[in-house]
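Descriptive structure summary
What follows is each chain in one-letter form.
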Amino acid sequence: MRKTILKIAISLSLIFSMNLLSAQDIKFSGQVFSKNNSLDDVKIEVFDNNEKVVEDVTRKNGKFKLKLAEGKIYLVKVSKDKFVSKTIIITALVGKEKAKEGFEFDIEMEKERDFRYVSKFNVDDPVAHVFYNHSKQEFDWDKELTQEKHDEIAALKELNKDKRNDKYSKF
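This write-up is about the structure you can find in this document.

So, how was this worked out
Residues numbered from 1 in each chain as written. Predicted model: local features only at pLDDT ≥ 70, side-chain atom pairs only at ≥ 80, totals over all residues. Heavy atoms only, no water. Helix = DSSP H or I, 4+ residues; strand = E, 2+ residues; numbered from the N terminus. Buried < 20%, exposed > 50% of the residue type's maximum accessible area, 1.4 Å probe, protein only. Contact = heavy atoms within 4.5 Å. Phe/Tyr/Trp six-rings, centres within 6.5 Å; stacked < 30°, edge-to-face > 60°. Lys NZ or Arg CZ within 6 Å of the ring centre and 35° of its normal. Pairing = 2+ DSSP bridges. Axes fitted to C-alpha atoms, helices over the stretch in contact; angles between N-to-C directions. Core = buried A, V, L, I, M, F, W, Y, C linked by side-chain atoms within 4.5 Å.

**Some thoughts on the side chain of Thr91**
Topologically, Thr91 is positioned in strand E7 (residues 86-92). Among the residues examined, Thr91 registers a relative accessible area of 13% and is labelled buried. Apart from residues lying up to four places away in sequence, Thr91 is in contact with Lys72, Ile73, His129, Val130, Phe131, Tyr132 and Phe139.

**With respect to the environment of Val127**
Secondary-structure assignment places Val127 in strand E9 (residues 126-133). When its relative accessible area of 10% is taken as the criterion, Val127 is described as buried. Sequence separation between Val127 and Thr146 is 19 residues; the distance between their C-alpha atoms is 5.6 Å. The residues touching Val127, leaving out its near neighbours within four places in the chain, are Lys86, Thr87, Ile88, Leu145, Thr146 and Lys149.

**Some words on the packing of aromatic side chains**
A complete count under the given rule lists four aromatic pairs for this structure. Considering the side-chain rings of Tyr132 and Phe139, the 5.2 Å spacing of their centres and the 75 degrees angle between planes classify their relative orientation as edge-to-face. For the pair formed by Tyr132 and Phe139, the shared burial category is buried. One cation-aromatic arrangement involves Lys77 over Phe47; the distance from NZ or CZ to the ring centre is 5.9 Å. One cation-aromatic arrangement involves Lys143 over Trp141; the distance from NZ or CZ to the ring centre is 4.9 Å.

**What about unusual backbone geometry?**
The phi dihedral of Asn50 is positive, around 65 degrees, even though this residue is not glycine. The topology assignment puts Asn50 in the loop between strand E3 (43-48) and strand E4 (51-57). A residue is classified by how much of its surface remains accessible, and Asn50, at 76% relative accessible area, is exposed.

**Observations regarding the sheet that holds E3**
Read across the sheet, six strands follow the order E4-E3-E6-E7-E9-E10 without closing on themselves; strand pairing throughout is mixed. Of all the strands in the sheet, the pair left with one neighbour each is E4 and strand E10 (138-141). Here the average twist between neighbouring strands, direction ignored, is 20 degrees. Sheet topology note: the E7/E9 ladder contains five bridges and is parallel. Paired with Ile90 across the bridge in E9 is Val130. In the packing of helix H2 (residues 143-169) onto the sheet, contacts are made with E7, E9 and E10, and the angle to E9 comes to roughly 170 degrees.

**Observations regarding the nonpolar core**
Ranked by size, the top nonpolar core spans 28 residues in total, and within it Phe28, Val32, Val78, Ile88, Ile90 and Phe105 carry the most contacts. Counting only elements with at least two residues in this core, the list comes to strand E1 (25-34), E3, strand E5 (63-69), strand E6 (72-79), E7, strand E8 (103-108) and E9. The element contributing the most residues to this core is E9, with four residues. Non-local contacts of Ile88, meaning those with residues more than four positions away in its chain, are made with Tyr74, Leu75, Val76, Val78, Phe105, Ile107, Val127, Ala128 and Val130. In terms of nonpolar packing, the next biggest core, distinct from the first, is built from five residues, Val84, Phe115, Val118 and Ile153 among them.

**Concerning the pairing of E3**
Counted residue by residue, E3 has five buried out of six residues, so it is predominantly covered. Looking at chain direction, E3 and E4 are connected through six bridges and run antiparallel. Residue pairing for E4: Phe47 is matched across the bridge by Lys52. The pairing of E3 with E6 spans five bridges and is classified as antiparallel. Note that in E6 the partner of Glu45 across the bridge is Lys77.

The following block contains the structure:
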């Protein structure tokens, strides 16, 4: 009897120790909006090596929460009917350091109709990259990539507007 209890205690200790040594979960959250309005029912899908590992849907306030294991690179696809989907990369490689906290970011969605007269930007190209900044010891984002994609989207919207005006100015 004592040997059985001892074996159970050792087994539980090992399991508990292994859980402490395993990778930490990191919280990512944010809000999805379009033209300053929160969007509900936006699908947030997270992939690890092309396998869906997490799925969430935004609430009425457009907010979402993700809990991702440290030590991986994730592809996050954000989609809603009648809106252009967006892709974000999250590099959750923290290493031996412990992340102070997760990361919060907002995602602006564009309506498909805003690109009716031009070819849409490639939705598989990431519009943002979130990564762990070891010098700051916190999560950060690639501001240059995001600005480049915002500029590209704005230029396509303007081109769409010009083409629409050209089409209807003939009448």
